[in-house]
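A structural walkthrough
Residues per chain are reported as follows:
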Amino acid sequence: MPLSDNLRGAIYMNVAMAAFTLNDTAMKAVMQHLPLWQAIALRGMLTLGPLLLIGHLTGGLRLRFPPGVGRIVGLRSVAEVASTLLFLAALIHMPLANLSAILQSLPLAVTLAAALFLGERVGWRRLSAILVGFLGVLIIIRPGPEGFDHWSLMGLASVACVVVRDLTTRSLPRDVPSASVAVMGSAAVTATALVLSPLSGWVMPTVAEMGLIVMAAGCLVAGYMFVIMVMRVGDIGFVAPFRYTALLWAIVLGWLAFGTLPDGLTLLGAGLVVGSGIFTLWRERKVKVRVATGDAP
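The structure displayed is predicted, hence computed values, not measured ones.

**Points about the environment of V73**
You can see V73 is positioned in helix α3 (residues 67–93). The class of V73 is buried, set by a relative accessible area of 2%. Through-space distance from the C-alpha of V73 to that of L46 is 22 Å; in sequence the pair is 27 residues apart. Once residues lying within four places of it in the same chain are set aside, the contact partners of V73 are F65, L172 and M184.

Below, the structure written as structure tokens:
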């Protein structure tokens, strides 16, 4: 019996989230021994080639843009660099599941930022869900002398940079290929890491460490490919909530690889974030349907 498009899309999204989380797990393991900049540079050099090949094979590779578009791509690339560096710096010191739980607030933050800066309409229901989701983030990071540290702040700053990246992506013309944007972002991250790597020096990686970096690069490319495939099958309103399976993968892999499990408060906060995010996606889909049919949102 053939799979429906929605089920296929859900599977692709799960595979993408698993691949991205495996990438995070491998990078966290290798950065316990290799300097941050070196690990990012090595992964980037291994990632760029496959991304260029994917872009070429899909006919979506274009590395020259008109001046106005080029500025937007440049700003997006700067945000990509900042978000990657902040996220990985926090990942070295934070449990994988805790940082993943903070990252799940991204759709809520993007929705709020789009309302504030792009004038997109957000009703009281979605706004209430966003506030509940941010309450969940506060429960996870626990501001105060016992629970809060600057690594959690770095995780939040990484989310803020991803919001800038996603908002600039929305500003790009529709004819700009996604593969080109991804390649430019990856190249910017790699170049930045190469420039900064002398500050911390280079360490000769072991065979096991190089294996982890190759694994991280392969998972990053696989995640990117499956995200592209997700966009081509199924109803995005049905498929999008499955992105939150990344948190489940982070809990399992954090336990298997590092022996860490989130405590009760972290799980409570994560539940609020995920529940609010799913409600926001559902409400956004419902509003779009009502607008399309001519009903008031």
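**Some details on a nonpolar patch on the surface**
Taken together, the side chains of L3, L7, I11 and V15 define a hydrophobic patch exposed on the protein surface, amounting to about 290 Å² of accessible area. With respect to the secondary-structure elements, V15 resides in helix α1 (residues 5–30).

**Structural notes on the pattern of salt bridges**
Under the definition given, this model contains three salt bridges. Residue R165 is joined to E80 by a salt bridge in which the shortest nitrogen-to-oxygen separation is 3.3 Å. Pair noted here: R165 is in helix α7 (residues 150–171) and E80 is in helix α3, with a separation of 85 residues, a long-range link. Each member of the pair, R165 as well as E80, carries the same accessibility label: buried. Accessibility expressed as a relative area gives 18% for R165, which makes it buried. Shared partners join several salt bridges into a network, and the residues in it are R76, E80, R165 and D166.

**What to know about the nonpolar core**
Core analysis: the largest hydrophobic core is formed by 50 residues, its most contacted members being M27, M31, L36, I40 and L88. In terms of residue count, α3 provides more of this core than any other element does, eight residues in total. Ignoring sequence-local partners within four residues, the contact set of M27 consists of A39, I40, R43, L88 and A216.

**Section: the side chain of T266**
Position of T266 relative to the elements: it lies in helix α12 (residues 264–292). The exposure class assigned to T266 is buried, which follows from its relative accessible area of 2%.

**Concerning the packing of helix α5 (residues 106–117) against helix α6 (residues 124–141)**
Running from N to C, α5 and α6 cross one another at 135 degrees; their axes reach a closest spacing of 10 Å. On the basis of their axis angle, the class for α5 and α6 is oblique. Taken as a pair, α5 and α6 cross one another with a handedness that is left-handed. Contacts from L108, A109, T111 and L112 in α5 reach L127, I130, G133 and F134 in α6. The residue inventory of the contact of α5 with α6, partitioned by class, reads six nonpolar, two polar and no charged.

Each value, and the rule that gives it
- Residues numbered from 1 in each chain as written.
- Predicted model: local features only at pLDDT ≥ 70, side-chain atom pairs only at ≥ 80, totals over all residues.
- Heavy atoms only, no water.
- Helix = DSSP H or I, 4+ residues; strand = E, 2+ residues; numbered from the N terminus.
- Buried < 20%, exposed > 50% of the residue type's maximum accessible area, 1.4 Å probe, protein only.
- Contact = heavy atoms within 4.5 Å.
- Patch = residues over 30% accessible without salt bridge, like charges linked within 9 Å, V, L, I, M, F, W, Y side chains within 5 Å.
- Areas by Shrake-Rupley, 256 points an atom, 1.4 Å probe, with all protein chains shown as cover.
- Salt bridge = Lys/Arg side-chain N within 4 Å of Asp/Glu carboxyl O.
- Core = buried A, V, L, I, M, F, W, Y, C linked by side-chain atoms within 4.5 Å.
- Axes fitted to C-alpha atoms, helices over the stretch in contact; angles between N-to-C directions.
- Parallel < 35°, antiparallel > 145°, perpendicular 65-115°, else oblique.
- Left-handed = near helix turned anticlockwise from the far one by under 90°.
- Nonpolar A, V, L, I, M, F, W, Y, C, P; charged D, E, K, R; others polar.

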